[in-house]
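The residues making up each chain are set out below.
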Amino acid sequence: MKSRATRSSWVAAGLAVLALQAGIANAADPAAAKPATAVAPAAEIDADALALLKKFGGFLAAQPRFGFELDLSYEVLQEDGQRLEFGSFRRYTIRRPDHLRIDEVRRSDGVREMYLDGKQLTVWIPADNAYALAKFSQHRDLDATLDLVRDALNIVVPLGDLLRSDPMARIEENMASAYVVGREDLAGVPCDHVAWRSDEVDAEAWIAAGDQPLVQRVVLHYRQLDGQPRFSAQFRSWTLTPDVADSKFEFAPPEGAEQLPLSVRGRDAQPKEESAP
């Protein structure tokens, strides 16, 4: 039977928009949930909420390497008005300032792997024995690379802002209001639940209390999109000591693998070298 389901490109949106990708493992049990005692202030940024977010951002920015896993889910409004949920599992490995690897298993489209090493981007699709490659005209750190692949190749890394040198900069720049909902427990981890708004997004984050303030869950509601779809990311298996040997970020195409074209600013091309922005 042919599927009627359609997906839209906003799923790649990051936290500040994208961009990490309701039924998520380790979420708090709805039956045990208590009513929130916090009341959202009217259009103001609470200092405690901002401090919690900046504490997380500062801690993550100070890590020379780290890794985590995500269960992502997102809604897409169908033509008949029904909302359907799609999703994927992702494993991120980061070595600052310029290395990133993402291993993804999509619910419906199988395995994808992405490699960034400051010199080039590679996307590998094992089921098709195919890959796409874009070599950069100059070496770039992760901040510059995330901007480049977004602007030149229309590839937006989900929750990519968390990988930047200042993870909270763009979020804080677009923030219109923020407040602390309260202290909650996610799968045995005490967390501070923070909510904030921008002009387009309602966002929530659960940040672990204690000496390692790592985010455990993120939920985004896109108010300006049809149906106000929801994106959620459940974090797990945080590590500050992942294996970051060079070989983890290198891709060697197997024999017979096909190199696929990428679209560079709307032009179909085999991007051996992207033009300098």
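Residues numbered from 1 in each chain as written. Predicted model: local features only at pLDDT ≥ 70, side-chain atom pairs only at ≥ 80, totals over all residues. Heavy atoms only, no water.

(A) Representation of the packing of aromatic side chains within the structure. Within the structure shown, the criterion is met by 10 aromatic pairs. Relative to Phe235, the ring of Phe68 has its centre 5.4 Å away and its plane inclined at 45°; by these criteria the two rings are tilted. Here Phe235 lies in strand β11 (residues 230-239) and Phe68 lies in strand β1 (residues 65-77), a separation of 167 residues in the sequence. Residue classification places Phe235 among the buried positions, given a relative accessible area of 2%. With centroids separated by 5.6 Å and ring planes inclined at 55°, the aromatic side chains of Tyr131 and Phe251 adopt a geometry described as tilted. Taken together, the residues Tyr131 in strand β6 (residues 130-135) and Phe251 in the loop between β11 and β12 (258-260) connect sequence positions 120 residues apart. Over the ring of Trp206 we find Arg217, and its NZ or CZ is 5.8 Å from the ring centre. (Phe/Tyr/Trp six-rings, centres within 6.5 Å; stacked < 30°, edge-to-face > 60°. Helix = DSSP H or I, 4+ residues; strand = E, 2+ residues; numbered from the N terminus. Buried < 20%, exposed > 50% of the residue type's maximum accessible area, 1.4 Å probe, protein only. Lys NZ or Arg CZ within 6 Å of the ring centre and 35° of its normal.)

(B) Seen up close, the pattern of salt bridges. In the structure shown here, the tally under the stated rule is 19 salt bridges. A salt bridge links Arg101 to Asp103, with the shortest nitrogen-to-oxygen separation between them at 3.0 Å. Like Asp103, Arg101 is buried. Taking the shortest distance from any N to any O, the salt bridge between Glu104 and Arg106 comes out at 3.2 Å. The exposure class assigned to Glu104 is buried, which follows from its relative accessible area of 7%. Each member of the salt-bridge network shares a partner with another, and the members are Asp147, Arg150, Asp151, Asp161, Arg164 and Arg170. (Salt bridge = Lys/Arg side-chain N within 4 Å of Asp/Glu carboxyl O.)

(C) Structural detail: unusual backbone geometry. In this model, Arg96 is joined to Pro97 through a cis peptide bond whose omega is 10°. Position of Pro97 relative to the elements: it lies in the loop between β2 (83-95) and β3 (99-106). Located in the positive-phi region is Asn129, a residue other than glycine, with phi close to 50°. By the secondary structure assignment, Asn129 is in the loop between β5 (120-125) and β6. According to the relative accessible area criterion, Asn129 is partly exposed, its value standing at 27%. Even without a glycine there, the phi angle at Gln228 is positive, about 45°. Relative to the assigned elements, Gln228 resides in the loop between β10 (215-222) and β11. Among the residues examined, Gln228 registers a relative accessible area of 45% and is labelled partly exposed.

(D) Main features of the sheet that holds strand β4 (residues 110-116). The strand order across the open sheet formed by 12 strands is β7-β8-β9-β10-β11-β1-β2-β3-β4-β5-β6-β12, and the pairing between neighbours is mixed. Across the chains shown, the open sheet's two edge strands, defined by having one partner strand only, are β7 (177-186) and β12. Along the sheet, successive strands turn relative to each other by an average axial angle of 20°, direction set aside. Two strands pair when backbone bridges link them, and strand β8 (residues 189-197) and strand β9 (residues 201-208) are joined in this way by 7 bridges, in the antiparallel orientation. Looking across to β9, one finds that Asp192 is bridged to Ile207. (Pairing = 2+ DSSP bridges. Axes fitted to C-alpha atoms, helices over the stretch in contact; angles between N-to-C directions.)

(E) Geometry of the side chain of Gln234. With respect to the helices and strands, the residue Gln234 is situated in strand β11. Here Arg217 takes part through its side chain, which lies 2.7 Å from a polar atom of the side chain of Gln234. (Polar contact = N/O pair within 3.5 Å; in protein donor to acceptor, adjacent residues only side chain to side chain.)

(F) Focus on the nonpolar core. Phe68, Tyr92, Leu121, Leu163, Trp196 and Phe235 are the most contacted members of the largest nonpolar core, which totals 56 residues. Element by element, the count of residues in this core is highest for helix α1 (residues 47-61), at 7 residues. Residues contacting Leu163, with those up to four places away along its chain left out, are Phe66, Phe68, Tyr92, Ile94, Arg96, Leu100, Leu142, Leu146 and Val157. Formed by 5 residues, the second largest nonpolar core is a distinct cluster that contains Tyr115, Trp124, Tyr131 and Phe251. (Core = buried A, V, L, I, M, F, W, Y, C linked by side-chain atoms within 4.5 Å. Contact = heavy atoms within 4.5 Å.)

(G) Here's a closer look at α1. Compared with an ideal rise of 1.5 Å per residue, which puts 15 residues at 21 Å, α1 spans 20 Å between its outermost C-alpha atoms and is within 8% of the ideal. Inspection of α1 places Ala49, Leu50, Leu52, Leu53, Phe56, Gly57, Phe59 and Leu60 among the buried residues, and these make up the whole buried set. Where α1 begins, the capping side chain belongs to Asp46, and its oxygen is found 3.0 Å from the backbone nitrogen of Asp48. (Expected span 1.5 Å × (residues − 1).)

(H) Spotlight on the environment of Val156. Here Val156 is to be found in the loop between α2 (142-153) and α3 (169-174). In the structure, Val156 is positioned 10 residues away from Leu146 in sequence and 7.3 Å away in space, judged by C-alpha atoms.

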